[in-house]
Amino acid sequence: MAPHLERSIVAQIVRAGLLAPSGDNCQPWRFVWNERELDLMLVYERAESLYDVQHTASWIALGATITNMRLVARSRGYDVSAELFPRGHGESHAARISFQPMTPHHDPLMSALEARCANRRPYQRTPLTAALRDALLAIARNGPGTSLELVETNQAKRTAAALAARNDQILFENRALHDGLYRWLRWTPQGSGDGMPIGSLELHPVERPGFHLLGSWPVAHTLAACGVTRLLPLRTQRTYQRSAALGLLTVEGQRPEDFVHAGEVLERLWLTSTLQGLAFQPITGMICLLLRCRLAEGQGLSPRHRALVEDTGAQLARVFPALAHRTPIMLFRIGFAAPPTARTPRRPVEDVLSLES
Ligand SMILES: Cc1cc2nc3c(=O)[nH]c(=O)nc-3n(C[C@H](O)[C@H](O)[C@H](O)COP(=O)(O)O)c2cc1C
């Protein structure tokens, strides 16, 4: 017999789920409470992106949501079990979450839920402490089939940063990727909602007008024809290499469940980093494009871009050997930094949670 959860507790659990990261802050989810179980639904229209190949990026985000919901539910005295894809793959019904009474448990990661964020500033080069490095590696090792590789030497960081930054060239040369980015950019601050405030990109004030101009596809297209978009990765590379470490989380297998479970682990890594005062930024566009080549034959990419992605993947695998034989989940960077200039908003709980008796 399922325990009776008050609606206010369900709302708190969903609110914690909403705080999870998602690509471009698209928040591709909807929740349905039927007085016994909580259904977590993927909203396809929000998940449309060339980066979200076969919804893998959404499954990662949904995994992060489940981690957040579990932390809050356990603190309120309910353990969580999540049945993934109860109606089969390809369905929007990603998880059916049920609750079992338990002694309330307050995990220290709870206090990082609100503070966790993507920080796109340059970081200090202060190295990771051994304790922190071990803690992150252990989280990944203890996950289902997940593993983490960290690179911390200047040479390896520089190489990985340069390869990851190549994404920015493709981003401004491929119309679907370009339009996808500008769809989710927000030029004026919002109290609630979705997408990314322009401030969160940490552009220098002199860069903003140019970035605004690049939002016009004809302008981006013309600049690409003149070779200007090839210069964009240089700035990004400089920022990426200003980090204590770059990390690649991988998983065995490539079923949708594998991405969800790895997303759960990713969120634990991110919350742990936050708790320890570390800034964190996914720098994973190139990894998504690599997945597009591996899982969808590079559909949506030009032959030239496909070749660039495959070459980048081969070179990245020399820095992160697991990339050659495991499924990449996320490339990210961590380090010590000032807080981000702007934080992303979230949609209100009442907009995403519906009740079904
Ligand atoms: C699967 C996934 C991929 C992401 N990829 C990138 C990325 O390549 N670059 C980046 O700066 N942020 C990336 N993000 C971070 C999101 O943009 C960020 O989580 C979202 O805007 C919400 O902001 P917050 O994390 O600060 O709450 C990614 C997040 C997820 C879950």
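Along each chain, the written sequence defines residue order, and numbers are assigned to residues from 1. Per-residue local features of the predicted model are confined to residues with pLDDT of at least 70, and side-chain atom pairs are confined, for both listing and counting, to 80 or more; whole-chain, interface and lining totals are unaffected and use all residues.

Draft legend 1. Main features of the environment of Ile-13. Take Ile-13: it is sitting in helix α1 (residues 7-18). Along the primary structure Ile-13 and Met-69 are separated by 56 residues, whereas in three dimensions their C-alpha atoms are 5.1 Å apart. Every residue in contact with Ile-13, bar those within four places of it in the chain, is listed here: Met-69, Val-72 and Ala-73. Under the scheme used here, helices are H or I runs from DSSP no shorter than 4 residues and strands are E runs no shorter than 2 residues, and both carry numbers assigned from the N terminus. Distance between backbone-placed C-beta atoms decides contact: two residues are in contact if it is within 7 Å.

Draft legend 2. Quick look at the pairing of strand β10 (residues 327-335). Exposure criterion: with C-beta atoms placed from backbone coordinates, a residue whose C-beta has 20 or more other C-beta atoms within 10 Å is buried, one with 12 or fewer is exposed, and one in between is partly exposed. With respect to burial, β10 is a largely interior element, 9 of its 9 residues being buried. One ladder, built from 7 bridges, connects strand β8 (residues 245-251) with β10; its direction is antiparallel. Looking at β10, one finds that Thr-250 is bridged to Pro-328. The pairing of strand β9 (residues 279-282) with β10 spans 4 bridges and is classified as antiparallel. Bridged to Phe-280 within β10 is Ile-334. Being paired, for any two strands, means DSSP has found at least two bridges between them.

Draft legend 3. The domain arrangement of the chain, seen in detail. The start and end points of each domain follow an automatic or database-based domain assignment. Split by domain assignment, the chain resolves into domain 1 (7-114 + 347-355) and domain 2 (130-335). Once you take the C-alpha centre of each, domain 1 and domain 2 turn out to be 23 Å apart. Taken together, the 30 residues of domain 1 in the interface contact 34 residues of domain 2. A per-element tally of the side of domain 1 that touches domain 2 places helix α2 (residues 56-75) first, with 11 residues. Among the residues forming the side of domain 1 that touches domain 2, the class breakdown is 18 nonpolar, 10 polar and 2 charged. Residues are sorted three ways: Asp, Glu, Lys and Arg are charged, Ala, Val, Leu, Ile, Met, Phe, Trp, Tyr, Cys and Pro are nonpolar, and all the rest, Gly among them, are polar.

Draft legend 4. Representation of unusual backbone geometry in the model. In this model, His-55 sits at a positive phi of 65°, which is unusual for a non-glycine residue. Here His-55 shows up in the loop between β2 (38-42) and α2. Judged by local crowding, His-55 falls into the buried class, with 22 C-beta atoms found within 10 Å. Phi is positive for Phe-85, close to 45°, though the residue is something other than glycine. You can see Phe-85 is positioned in the loop between β3 (78-84) and β4 (93-101).

Draft legend 5. The arrangement of the site of the ligand in detail. To decide whether a residue is near a molecule or strand, its C-beta atom is placed from the backbone and checked for lying within 6 Å of it. Every one of the 18 residues lining the ligand counts as a neighbour, but Pro-21, Asn-25, Cys-117, Pro-282 and Thr-344 are closest to it. Counting residues per element, the ones that place at least two in the shell around the ligand are α2 and β9. Of all the elements, α2 adds the most residues to the shell around the ligand, at 3 residues. Along the lines of polarity and charge, the residues of the shell around the ligand split into 9 nonpolar, 7 polar and 2 charged.

Draft legend 6. The packing of helix α11 (residues 285-296) against helix α12 (residues 303-319), seen in detail. Relative orientation of the contacting elements α11 and α12 amounts to 110°, with a least axis distance of 9 Å. One element, α11, and the other, α12, form an angle in the roughly perpendicular class. Only Arg-306, Val-309, Glu-310, Thr-312 and Gly-313 of α12 make contact with α11, whose side of the interface consists of Met-286, Leu-289, Leu-290 and Cys-293. The residue makeup of the contact of α11 with α12, split by class, is 5 nonpolar, 2 polar and 2 charged. Note on method: axes are straight lines fitted to C-alpha atoms, helices fitted across the in-contact stretch only, with angles between N-to-C directions ranging 0 to 180 degrees. The cut-offs work like this: below 35 degrees is roughly parallel, past 145 is roughly antiparallel, 65 to 115 is roughly perpendicular, and the gaps in between are oblique.

Draft legend 7. Broad picture of the nonpolar core. The nonpolar core is taken to be a set of buried Ala, Val, Leu, Ile, Met, Phe, Trp, Tyr and Cys residues joined by way of C-beta atoms within 7 Å. Among the nonpolar cores identified, the biggest contains 92 residues, and Ile-60, Leu-62, Ala-164, Leu-249 and Leu-266 are the most heavily contacted of them. With 11 residues, α2 is the single largest residue contributor to this core. Taken domain by domain, this core gets at least three of its residues from each of domain 1 (7-114 + 347-355) and domain 2 (130-335). Leu-249 has contacts with Ala-140, Thr-146, Leu-148, Ala-262, Val-265, Leu-266, Leu-269, Ile-329 and Met-330, leaving out every residue within four places of it along the chain.

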